Amino acid sequence: MRLTKTTMIAAMIGAITAGATLAETPHEMRSAMMKAQGKQLGILGAMVQGKAPYDAAAASAAATELDKLANADWMPAFPADSLDGKRAMPEIASNMDDFMAKYEALGAATTALVAVAGTDLDALKAAFGPVGAACGACHKSYRAPE
Amino acid sequence: MLRRAILVLLVLGLIGLAAFWVITRPTQLTPDAIAGLTPDPVRGEYVFRAAGCASCHAAKDATGADLLKLGGGKAFPSEFGTFYAPNISPDPVHGIGNWTAIDLVNALQNGVGPDGTHLYPALPYGAYAKMTLQDVVSLRAYLATLPAVDTPSKPQDVSFPFSIRRALGGWKFLFLQRDFVIQDVPPEAETGRYIAEALAHCGECHTARNALGGLKTGQWLGGAPNPTGKGTIPNITPGKLDWSEADLVTFFQSGFTPEFDTAGGTMAEVVENLSTLPEADLVSLARYLKSVPAVTD
């Protein structure tokens with residue numbers, strides 16, 4: 001059942017890409033994508049921060065989910081006319097190459113995480129840091145305050 | 001009768017002018033204020049990080065070693081005009097290589113340049129005025145170790161009447177406060193208060209301002225409109241922020257919120273700086289935030 005939300009969002013993004021119309025605004029899509037990733041990060045982060053015991057299977061599953069979300073096609077959620085600074089900044093459109101590079105850096109970091117999340121806690125910790133850094137790098141440049 | 005009225009007006013006018021002259025006069029300390037203080041560049045580096053000097057004075061999007069090249073140039077649009085961070089690298093021509101320690105004290109604590117002119121409070125001297133002289137002297141020693149950059153500083157692009165620098169003396173008279181804003185904090189929050197109020201200048205963004213740009217200290221850290229764009233800088237008093245002390249420390253160290261969102265915008269830069277401080281100091285900072293008066297929206 002953990003897959004449900006991820007699958008829904010992936011399907012939603014897929015549907016938009018295919019040209020179907022949905023009621024969700026780009027803002028709502030972005031918000032849903034970010035929350036879905038935050039949920040998986042929360043499972044992994046709790047282990048990394050020592051708030052939950054390390055569980056190789058759960059870590060692997062969460063990393064796999066996160067990787068799927070991070071590597072989905074985000075572009076339908078970031079059309080230029082939706083970038084109004086609440087909270088996605090208009091600078092995304094004028095720096096699309098940099099935005100894409102940051103998006104791809106996140107995807108690469110989550111893929112690296114999947115490879116080691118089930119190995120042991122130290123490996124998870126080492127691969128989790130770059131994921132957080134990738135989130136932060138993009139938020140630093142392109143997300144306005146609430 | 002008329003002559004008398006004119007005389008009274010003249011006298012009042014002269015008193016007003018004299019008051020303006022006195023109030024707006026730049027005040028500077030002389031070198032004997034710091035005589036006997038021995039600079040500690042290691043402490044200076046701590047001050048440099050906690051105060052976030054590089055976040056404004058390094059080039060836009062600088063990372064790694066480039067964060068130590070303080071050539072300035074970053075633009076800060078505001079409702080009063082656009083401020084440009086000046087070159088504060090040790091370059092003797094374009095930077096501050098020729099400044100003495102007391103010059104840095106006067107800039108950071110009195111908002112006055114070595115030529116005796118007022119500096120704009122885009123440089124948060126309202127916070128730095130709360131620093132110890134020892135820390136300024138140590139910061140001066142650390143800054144001198146950084147690479148020189150020969151980029152000329154850009155002139156400030158500020159509209160009338162804010163372009164009259166002399167009037168900044170009036171601004172300081174009204175708003176420059178050298179005492180800590182929060183007077184009563186538990187002993188274990190004192191280091192945190194020093195970081196928050198004197199160095200990291202949290203209040204500059206997290207506290208609302210009046211029409212003249214003075215901080216509304218009665219709503220300290222109670223949130224404010226984003227000074228550089230849309231949205232709101234959040235209320236971080238116990239009236240709104242319910243994170244635990246451990247949550248706060250995790251955030252300062254990693255940028256992760258308890259919901260595993262990550263810090264963005266200028267707060268991401270603040271986290272880059274804070275995460276270099278010792279954990280005990282970040283615990284004290286968290287304790288300080290838990291002990292400031294609650295501001296409710």
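Read on for an overview of the structure. Because the structure is predicted, anything quoted here is derived from the model rather than measured.

Criteria and thresholds
- Residues numbered from 1 in each chain as written.
- Chains lettered and ligands numbered in written order.
- Predicted model: local features only at pLDDT ≥ 70, side-chain atom pairs only at ≥ 80, totals over all residues.
- Heavy atoms only, no water.
- Helix = DSSP H or I, 4+ residues; strand = E, 2+ residues; numbered from the N terminus.
- Buried < 20%, exposed > 50% of the residue type's maximum accessible area, 1.4 Å probe, protein only.
- Contact = heavy atoms within 4.5 Å.
- Areas by Shrake-Rupley, 256 points an atom, 1.4 Å probe, with all protein chains shown as cover.
- Core = buried A, V, L, I, M, F, W, Y, C linked by side-chain atoms within 4.5 Å.
- Domains from an automatic or database assignment.
- Buried area = accessible area lost by both parts, 1.4 Å probe.
- Salt bridge = Lys/Arg side-chain N within 4 Å of Asp/Glu carboxyl O.
- Polar contact = N/O pair within 3.5 Å; in protein donor to acceptor, adjacent residues only side chain to side chain.
- Nonpolar A, V, L, I, M, F, W, Y, C, P; charged D, E, K, R; others polar.
- Pairing = 2+ DSSP bridges.

As for the overall build of chain A
Scanning chain A from N- to C-terminus turns up 6 helices and 0 strands. The secondary structure elements of chain A, listed N-terminal to C-terminal, are α-α-α-α-α-α. Burial status across chain A gives 42% buried among its 146 residues. Pairs at least 24 residues apart make up 73% of the contacts formed inside chain A by residues separated by at least 6 positions. Per element, the accessible surface of chain A, about 7000 Å² overall, is 63% carbon and sulfur.

Things to note about the nonpolar core
F48, F252 and Y288 of chain B are the most contacted members of the largest nonpolar core, which totals 56 residues. When residues are assigned to domains, this core turns out to be shared by domain 1 (30–175) and domain 2 (187–291) of chain B, each giving three or more. For F48 of chain B, the contacting residues outside a window of four places in its chain are C53, A54, L67, L68, L70, L139, Y142, L143 and L146 of chain B. Counting residues in each nonpolar core, the second largest holds 35 residues, with A72, W74, I92 and C135 of chain A among its members.

Quick word on the interface of chain B and chain A
If you look at the interface, chain B gives 18 residues, while chain A gives 21 residues. Of the roughly 1400 Å² buried between chain B and chain A, counting both surfaces, carbon and sulfur atoms make up 53%. Between chain B and chain A we count 2 salt bridges in total. D261 of chain B is the salt-bridge partner of R143 of chain A, the closest N and O atoms lying 3.0 Å from each other. For the interface between chain B and chain A, the tally reads 7 residue pairs in polar contact (both at pLDDT 80 or more). Those elements that provide at least two residues to the side of chain B that touches chain A are β5 (232–233), α10 (245–254) and α11 (265–274) of chain B. Looking at the side of chain B that touches chain A, the element that brings in the most residues is α11 of chain B, giving 4 residues. When the residues that make up the side of chain B that touches chain A are grouped by side-chain class, the tally is 5 nonpolar, 7 polar and 6 charged.

Let's talk about the environment of Y142 of chain A
Residue and element names in this part refer to chain A. Turning to its location among the elements, Y142 is positioned in helix α6 (residues 121–142). Owing to a relative accessible area of 6%, Y142 belongs among the buried residues under this scheme. Measuring from C-alpha to C-alpha, the distance between Y142 and F99 comes to 8.1 Å, with 43 residues separating the pair along the chain. In this view, Y142 contacts R87, A88, M89, E91, I92, N95, D98, F99 and K102; residues no more than four positions away in its chain are not counted. One polar contact links Y142 to D98, side chain to side chain, over a distance of 2.5 Å.

Quick look at the environment of A134 of chain A
Residue and element names in this part refer to chain A. Within the secondary structure, A134 is located in helix α6. Taking the relative accessible area as the measure of exposure, A134 reaches 11% and is therefore buried. Placed 30 residues apart in sequence, A134 and E104 show a C-alpha to C-alpha distance of 9.2 Å.

Observations concerning the pattern of salt bridges
Charged atoms that come close allow side chains of opposite charge to pair. All names here are of chain B. Throughout the structure, instances matching the rule amount to 11 salt bridges over all chains. The partner of R49 in a salt bridge is E45, and the shortest N-O contact between them spans 2.7 Å. Of the two residues, R49 and E45 both sit in helix α2 (residues 41–51), 4 residues apart, roughly one turn of that helix. Taking relative accessible area as the criterion, R49 reaches 32% and is therefore assigned partly exposed. Of the residues examined, E45 reaches a relative accessible area of 25% and is grouped as partly exposed. A single salt-bridge network, built from bridges that share partners, covers E188, E245 and R287.

Some thoughts on the sheet that holds strand β1 (residues 75–78) of chain B
The 3 strands are arranged β1-β2-β3 (chain B) in an open sheet whose pairing can be described as antiparallel. Each of the sheet's edge strands pairs with one partner strand only, and the pair in question is β1 and β3 (157–158) of chain B.

In short, shape yes, function no, at least from these values alone.
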